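Next come the chains, spelled out residue by residue.
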Number of protein chains: 2
Amino acid sequence: MGNGSYTDLLIIGAGPAGLMAACWAAQFQMQTRIIDQKPGRTPTGHADGLQSRSLEILDSFGIVDPILRKSVRHTEMAYWAMNESTGHIERRKRTPSLPGSSVYDQRLLNQGATEQVFLDYLHEMGVQVEYGTRARELTLSESNSETDHKVAVEVVSGKAQDGSETIHCRYLIACDGARGWTRNQLHVPVDKKLGESTWAVFDIVPITDFPDIRQSCAISSGDRGSMMTAPRENRLVRFYIHPKGDKELCNGQDTKHEPSLDELVSTADSLLKPYKLRYQHCDWYSLYSIKQQLVKQLRPHDRILLAGDAAHTHSPKAGQGMNVSMQDTYNLVWKLGAVITGAASSRVLETYESERRPVAEELLELDAQLVGAYEKDTGAAKRIETVRDQYSEFISGLGVTYGPSILVADQNAQGLVNNIKMGRRLDPFYVVNHAEGVSINLMTRLPSDGSWKLLVFAGDIRQPDLRGRLNSFAKTFCQQPLLPRLYEKRHGTRAGWLLETVLIHASPRTSVELLELPEMFHPFDETWGWDYTRVFTDEGSYSPGCRGAYDGYGIDKNTGCVVLCRPDQHVGWIGAMEDVTDLENYFSVFIDK
Amino acid sequence: MGNGSYTDLLIIGAGPAGLMAACWAAQFQMQTRIIDQKPGRTPTGHADGLQSRSLEILDSFGIVDPILRKSVRHTEMAYWAMNESTGHIERRKRTPSLPGSSVYDQRLLNQGATEQVFLDYLHEMGVQVEYGTRARELTLSESNSETDHKVAVEVVSGKAQDGSETIHCRYLIACDGARGWTRNQLHVPVDKKLGESTWAVFDIVPITDFPDIRQSCAISSGDRGSMMTAPRENRLVRFYIHPKGDKELCNGQDTKHEPSLDELVSTADSLLKPYKLRYQHCDWYSLYSIKQQLVKQLRPHDRILLAGDAAHTHSPKAGQGMNVSMQDTYNLVWKLGAVITGAASSRVLETYESERRPVAEELLELDAQLVGAYEKDTGAAKRIETVRDQYSEFISGLGVTYGPSILVADQNAQGLVNNIKMGRRLDPFYVVNHAEGVSINLMTRLPSDGSWKLLVFAGDIRQPDLRGRLNSFAKTFCQQPLLPRLYEKRHGTRAGWLLETVLIHASPRTSVELLELPEMFHPFDETWGWDYTRVFTDEGSYSPGCRGAYDGYGIDKNTGCVVLCRPDQHVGWIGAMEDVTDLENYFSVFIDK
């Protein structure tokens, strides 16, 4: 082995999952390295669908704007099917995409542009992706100490072909793709679902009289096969050609022959009959075979975690791959950051498997149903639409709900709050900053900075009993052994988690003096003065279409409640104003005091 | 004189006006240089108010996002005045800012951050500001040829203290500030309005119990004086202390003494009585004296144009300085770009004076009224509010309306279109892209790229007579001598203006085939296919609060009309579908064929 070096976290693979991991890791005081054997970022093509939840997550890091500006919005899905009597395809339906509960609809953009947004952010944070660096050998040490560097990876980089470096790390995240090196090293078994299928995909500037060319389409052309299209930036359109059963991709050719781009476009042209398709400019194309599979363990070793394609592979039919992959590491790294910085027990890492495996399983089920629908000779369009409708909340990523665990309390909060679901991300409703009078979507107050947010919905605090309950809440909070320490500074030996307290009352701004509220909602710093970003009211006039928080979340202004959002915006705990000890207990289970 | 070099356009001064000029210039095929004697951009402080119209303009260059993310929104104005009997200030009113007709409200951010956004954009466009470069000598040649480099400016740069360079340019834009070098070289006379006044301004993190510290405030503290505050990014607050008459800035001190920051904060503290103010962190502060004045000519030489503070100065009371300055060059450079690239006659430059002088005059009038209001011992708060209300459309920049000229037709378009005003920028109403089904604010279809946009509101083209009128319009358009040439490619010897045609019909998308519409609305390119970005419909379901274009602009779907937007989004001409010859005549006046 070569020269040795040490890091807290090593990320193998700088695709979207690995880059998201690096973004998160940069929020914590730890050393992170990220390597990729490719010479640089994905130039173009590859995954291109960004679902609502992914955009919310990018927004939480402050990096969604360039994507919104460059991408194409997906707002409608058109279904086309063949008329058996004419042999021509016909439009069966145009369905508007339901906006769901997000401020973002789906977007389409080449993967390279999305990676660039991450790279720009990482550059600002002082993190450089080490491209052209390949992992060669994995060595695991026995140790019982949490702080030991138990994983060693020998890497070779383009610059040092002769020499090599051994990176010793405490944790390894493998985002190294469908044929992942890490998974092979560890011989991680996989569950195989559907068999292997071969796809053709190409991004061209189409020249066609097909009227829905600038919309997302599902086109089933009877026994000629089926196709999906999606509009893209710079006049591009993404085409997926789906072979039916074991049919060849390319009409009338030997099935052993690998079709050229021209042949693929010619196949697409035949699927569009009576419309014509040709092209001059191609941005990217690929033939690839997909096995639908899922690893048996997302954490095959206590220090090694698999994410993205390294954990699950499937067809591109639902536009999910990049999204679920990024959301894997978005789920993982705020936990890992806390373990590495000494803020939390490594028990929290168990929830990676328990929270993300059901998502991967649902993804594979959705994929199997969509593949089945596309396979149909007749009724495919209808069947595809039914499956998409049924899974719409999963497809947008907004429906993902994590089950009870040490990080999601096993509670029924109905009665306290009717429209917030345990384990699910918060919906975007509006509040007004008490000091500034500015109305904001509450989600923008939950940035991905490594802090938990305790949202105290204290109700109409002009009422003396509600004001009294708020004061008691604050007093009891400060008397707990753990909570005030989590609140005062980033917890852990090397600055991990923080617990931020945010008050959302329901009284007119002029009826309440901010500095008379409990100090935990306006902490003072001798240089930076009072913090004016922690008190909001629900009393305000929002723009049309914006709904206030109490109404939106279903919280009674005469009762109030307390909602804890994890650093990933998912709800971990809900309680009444009196349930402070229960909150203390929630954290005590997994936080090292 | 030193070594000689040649450029089309020289911009002196890289403040907001100069940077805006460089942004615009980068849209045209010409050489531009921009110099500034400062060593680098404004670090912090200085102008900090960005009005709605300025944000729309930044958006039209695609660069507003970082400003929206970093800045503070101004949504309310609080008025405080002294209670004569207690000697304490009291809140008289909180007035929400009216959103006006823009999608943007006012924002507050230090000038350096705004300059950085321009610099990042210019860097991408390959333009570098030459900092540390000072103009030393101006020489003018006699010439009757438009293409001659009649202006020579000798400059010295930090790097070459011994040597110097003489930059020969066709046009010079002087954005070199209130004590501008260029203006002095040319001995341009000024009209003086109000006398000189001295201001104190500081950006601190305040530590205070004043409850409206995170809002914009006008505070008049009787004979103690008055003050304005505005909340800013990073917990900062901007304070302006306004001396009353010839009173000293600093209580109880010798008026000859220049007050320290501590003394200024102490004065502010006394103006806030009974509240207390102190600080530890100061970002920037300055004492400056302002003369209210306006140059007699904005174009003192046929090749030299003055903009921003070099043309007009005034107090900071209305938060206008940076905005009007940027809007000066935003008005100017799309015209200058056309002259330099050979697309237009230099006659269009006459409209710079005719369009911007009235704005500067109104600015000075507003300023005089606000200064007067702040001077009042009693009733100042009420008077300030009255003035702000009266000028609200001017303050936001949305009300600016250019009078008739060769670039603004002298027409009354009532009857054809009821809510679009000649000479004014278009309001943001919504349309749906015909091919993609995506709804957009129509203003986002008018980017600042140097093209004119001809908006053809053809009405409900399912009706045969309206379809016929649209076809006739297209046919007549293509038969004109000039219009089709302006439409086909960027006009001029070096690619200046373009005329883009955009169709906005009022029929359901499924009832109209895009490729069956006149070809001018879907031009074809052998490589890039058809252009799908030029046909929109008003038939769509917009988000709540979004209003459709026909309804918003007051256009009858059974009649239609044609609206021409200049490259700066202001309306230059309006006509019926039959008025094509009139449109041809409009352009013929100032376009060199």
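Residues numbered from 1 in each chain as written. Chains lettered and ligands numbered in written order. Predicted model: local features only at pLDDT ≥ 70, side-chain atom pairs only at ≥ 80, totals over all residues. Heavy atoms only, no water.

(A) Structural view of the overall build of chain A. The secondary structure content of chain A amounts to 14 helices and 28 strands. Expected size for 593 residues packed as a compact globule is a radius of gyration near 25 Å; at 26 Å, chain A falls within 12% of this value. Overall, the C-alpha framework of chain A stretches about 80 × 60 × 40 Å when taken along its three principal axes. When each of the 593 residues of chain A is scored for burial, the buried share is 63%. Within chain A, contacts between residues at least 6 apart in sequence are counted, and of these 72% link residues at least 24 apart. Just so you have it, chain A exposes about 21700 Å², and 47% of that area is on carbon and sulfur atoms. Across chain A, the centroid of the 64 positively charged side chains sits 3 Å from that of the 76 negatively charged ones. (Helix = DSSP H or I, 4+ residues; strand = E, 2+ residues; numbered from the N terminus. Rg over C-alpha atoms; globule rule 2.2 N^0.38 Å. Buried < 20%, exposed > 50% of the residue type's maximum accessible area, 1.4 Å probe, protein only. Contact = heavy atoms within 4.5 Å. Areas by Shrake-Rupley, 256 points an atom, 1.4 Å probe, with all protein chains shown as cover. Lys, Arg positive; Asp, Glu negative; His and termini not counted. Charge placed at Lys NZ, Arg CZ, Asp CG, Glu CD.)

(B) Quick look at the interface of chain B and chain A. Listed by partner, the interface residues are 43 residues for chain B and 44 residues for chain A. The largest contributions to the chain B side of the interface with chain A come from R69(B), R235(B) and W528(B), which together make up 16% of the buried area. The interface formed by chain B and chain A includes twelve salt bridges. Note that R214(A) is salt-bridged to E436(B), the shortest N-O span being 2.6 Å. (Buried area = accessible area lost by both parts, 1.4 Å probe. Salt bridge = Lys/Arg side-chain N within 4 Å of Asp/Glu carboxyl O.)

(C) Representation of the environment of A174(A). Residue and element names in this part refer to chain A. Locating A174 in the fold gives a position in strand β10 (residues 165-174). The buried category is assigned to A174, whose relative accessible area is 0%. For the pair A174 and A311, spaced 137 residues apart in sequence, the C-alpha to C-alpha distance is 8.9 Å. What A174 contacts, discounting residues up to four positions off in sequence, is I12, T182, L305, L306, A307 and A310.

(D) Just the sheet that holds strand β20 (residues 430-433) of chain A, in detail. All names here are of chain A. Across the sheet, seven strands lie side by side as β21-β20-β26-β23-β22-β27-β28; this open sheet has mixed pairing. The open sheet has two edge strands, β21 (439-441) and β28 (571-575), and neither has a second partner. Neighbour-to-neighbour, the strand axes of the sheet open up by a mean angle of 30 degrees, direction not taken into account. Here eight bridges tie strand β22 (residues 451-459) to strand β23 (residues 498-505), and the two strands are oriented parallel to one another. Bridge pairing in β23 places L454 opposite T501. Lying over the sheet, helix α11 (residues 464-479) contacts β22, β23 and β27 (561-565), oriented at roughly 150 degrees with respect to β22. (Pairing = 2+ DSSP bridges. Axes fitted to C-alpha atoms, helices over the stretch in contact; angles between N-to-C directions.)

(E) Molecular detail of α11(A). Residue and element names in this part refer to chain A. Across its 16 residues, α11 extends 23 Å between first and last C-alpha, which sits within 8% of the 22 Å expected from 1.5 Å per residue. The set of residues buried in α11 consists of L466, R467, R469, L470, F473, A474 and F477. The arc enclosing the buried residues of α11, seen along the axis, measures out at 160 degrees, which places them on a common side. Residues P464, K475 and Q479 are exposed on α11 and point more than 90 degrees away from its buried face. Each element contacted by the buried residues of α11 is listed here: β22, α12 (483-488), β23, β27 and α14 (580-588). (Expected span 1.5 Å × (residues − 1). Arc of directions from axis to C-beta.)

(F) Highlighting the sheet that holds strand β7 (residues 106-108) of chain B. Across the sheet, which stays open at both edges, the three strands sit in the order β3-β7-β4 (chain B) with antiparallel pairing between neighbours. Edge strands, defined here as strands with exactly one partner in the open sheet, are β3 (49-50) and β4 (72-74) of chain B.

(G) Representation of the relation of the copies chain B and chain A in the model. Of the transformation superimposing chain B on chain A, the axial component is 0.0 Å and the angular component is 180 degrees, with the fit at an RMSD of 0.0 Å. Taken together, the rotation and translation relating the two chain copies correspond to the operation of a two-fold axis. Across chain B, the rotation axis passes nearest the C-alpha of P544(B), at a separation of 2.8 Å. The fraction of interface residues of chain B whose copies in chain A are also interface residues reaches 100%, indicating that both copies meet through the same surface. (Least-squares fit on C-alpha atoms with pLDDT ≥ 70 in both.)

(H) Inspection of helix α8 (residues 350-375) of chain A at higher detail. End to end, α8(A) covers 38 Å across 26 residues, agreeing with the expected 38 Å (1.5 Å per residue, within 8%). Considering bend angle alone, the principal kink of α8(A) is centred on R356(A) and spans about 25 degrees; proline P358(A) follows within four residues of it. (Bend = angle between axes of the 7 residues up to and from the residue.)

(I) Spatial organisation of the environment of Q414(B). Residues and elements named next belong to chain B. In this fold, Q414 is placed in the loop between α10 (392-396) and β20 (430-433). Spatially, the C-alpha atoms of Q414 and I574 are 9.9 Å apart, while their sequence positions differ by 160 residues. At 3.4 Å, the side chain of Q414 and the backbone oxygen of N418 are in polar contact. (Polar contact = N/O pair within 3.5 Å; in protein donor to acceptor, adjacent residues only side chain to side chain.)

(J) Here's a closer look at the packing of aromatic side chains. Residues and elements named next belong to chain B. A full pass over the atoms with the stated rule returns 52 aromatic pairs over all chains. Ring geometry for W80 versus Y275: centroids 5.8 Å apart, planes at 85 degrees, classification edge-to-face. Of this pair, W80 sits in strand β5 (residues 76-83) while Y275 sits in the loop between α6 (261-271) and β16 (277-290), and the two are 195 residues apart along the sequence. Ring geometry for W452 against Y586: centres 6.1 Å apart, planes inclined by 80 degrees, an arrangement best described as edge-to-face. With a gap of 134 residues between them, W452 in strand β22 (residues 451-459) and Y586 in helix α14 (residues 580-588) connect regions that are remote in the sequence. Neither residue differs from the other here; W452 and Y586 are each classed as buried. (Phe/Tyr/Trp six-rings, centres within 6.5 Å; stacked < 30°, edge-to-face > 60°.)

(K) The domain arrangement of chain A, seen in detail. Residues and elements named next belong to chain A. Its domain assignment divides chain A into domain 1 (3-193 + 292-396) and domain 2 (430-588). Of the residues lining the interface, 25 residues belong to domain 1; the matching set on domain 2 comes to 22 residues. If you look at where domain 1 meets domain 2, you find two salt bridges. Close ionic contact of R494 with D8 constitutes a salt bridge, the shortest N to O distance being 2.5 Å. Scanning the region where domain 1 abuts domain 2 turns up twelve residue pairs in polar contact (both at pLDDT 80 or more). For the side of domain 1 that touches domain 2, the secondary-structure elements that each account for two or more residues are α2 (52-60) and α7 (321-340). The dominant element in the side of domain 1 that touches domain 2, judged by the number of residues it contributes, is α7, at six residues. (Domains from an automatic or database assignment.)

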